[in-house]
Amino acid sequence: MTDRMQYSEDDPRHHTIKLHDMLTGVAEHARQDVGKVSEPKAQALFETTAEVCRGLATAFEHYEQQSEPAWRR
């Protein structure tokens, strides 16, 4: 992943990189927690959290890379 410090604070990438990293961290944490609890509803909640955060992180990646038509300038 790119270092956000290479972009000025008024560049959206400075912020998208940080948010991407935060979302990825939450997704990883939630996935680890699935294995730490035995209640199926909690496991489903953590798995859903991981999936949603990973999806958002992917959207941030696509924005940074301008890999989707909607994000191209």
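Above this text is the structure in question.
Residues numbered from 1 in each chain as written. Predicted model: local features only at pLDDT ≥ 70, side-chain atom pairs only at ≥ 80, totals over all residues. Heavy atoms only, no water.

Draft legend 1. Structural detail: helix 1 (residues 12-34). With 23 residues, helix 1 should reach 33 Å at 1.5 Å per residue; the first-to-last C-alpha distance of 33 Å fits that figure. The inward-facing, buried residues of helix 1 abut helix 2 (40-65). (Helix = DSSP H or I, 4+ residues; strand = E, 2+ residues; numbered from the N terminus. Expected span 1.5 Å × (residues − 1). Contact = heavy atoms within 4.5 Å.)

Draft legend 2. Spotlight on the environment of arginine 54. As for its placement among the helices and strands, arginine 54 is situated in helix 2. Linking arginine 54 and aspartate 10, residues 44 residues apart in sequence, is a C-alpha distance of 25 Å. Polar side-chain contacts of arginine 54 include one of 3.3 Å to the side chain of threonine 24. Among the polar contacts made by the side chain of arginine 54, one reaches the side chain of glutamate 61 at a distance of 2.9 Å. (Polar contact = N/O pair within 3.5 Å; in protein donor to acceptor, adjacent residues only side chain to side chain.)

Draft legend 3. How the structure looks around unusual backbone geometry. Even without being glycine, glutamine 66 reaches a positive phi, approximately 50 degrees. Mapped onto the elements of the fold, glutamine 66 is located in the segment after helix 2.

Draft legend 4. View of the environment of glutamate 51. Mapped onto the elements, glutamate 51 comes out in helix 2. Under the relative-accessibility criterion, glutamate 51 is labelled partly exposed at 45%. (Buried < 20%, exposed > 50% of the residue type's maximum accessible area, 1.4 Å probe, protein only.)

Draft legend 5. Helix 2, seen in detail. For helix 2, with 26 residues, the first-to-last C-alpha span of 37 Å sits near the 38 Å given by 1.5 Å per residue. Among all positions of helix 2, only Ala42, Ala50, Cys53, Ala57, Glu61 and Glu64 are buried. Tucked into the core, helix 2 has its buried residues touching helix 1. Looking one or two residues beyond helix 2, the residue adopting positive phi is glutamine 66, at roughly 50 degrees.

Draft legend 6. Geometry of the packing of helix 1 against helix 2. Packing of helix 1 against helix 2 brings their axes to within 8 Å, and their N-to-C directions diverge by 155 degrees. By the angle between their directions, the pair helix 1 and helix 2 is classed as roughly antiparallel. Both helix 1 and helix 2 take part in a crossing whose hand is left-handed. Tallied by class, residues from the contact of helix 1 with helix 2 come to 15 nonpolar, five polar and seven charged. (Axes fitted to C-alpha atoms, helices over the stretch in contact; angles between N-to-C directions. Parallel < 35°, antiparallel > 145°, perpendicular 65-115°, else oblique. Left-handed = near helix turned anticlockwise from the far one by under 90°. Nonpolar A, V, L, I, M, F, W, Y, C, P; charged D, E, K, R; others polar.)

Draft legend 7. Geometry of the pattern of salt bridges. Applying the stated criterion across every chain yields a total of five salt bridges. Among the salt bridges present, the one from glutamate 47 reaches arginine 31, with a minimum N-O distance of 2.2 Å. Remark: arginine 31 occurs in helix 1 and glutamate 47 occurs in helix 2; sequence separation between them is 16 residues. The exposure class assigned to arginine 31 is partly exposed, which follows from its relative accessible area of 36%. (Salt bridge = Lys/Arg side-chain N within 4 Å of Asp/Glu carboxyl O.)

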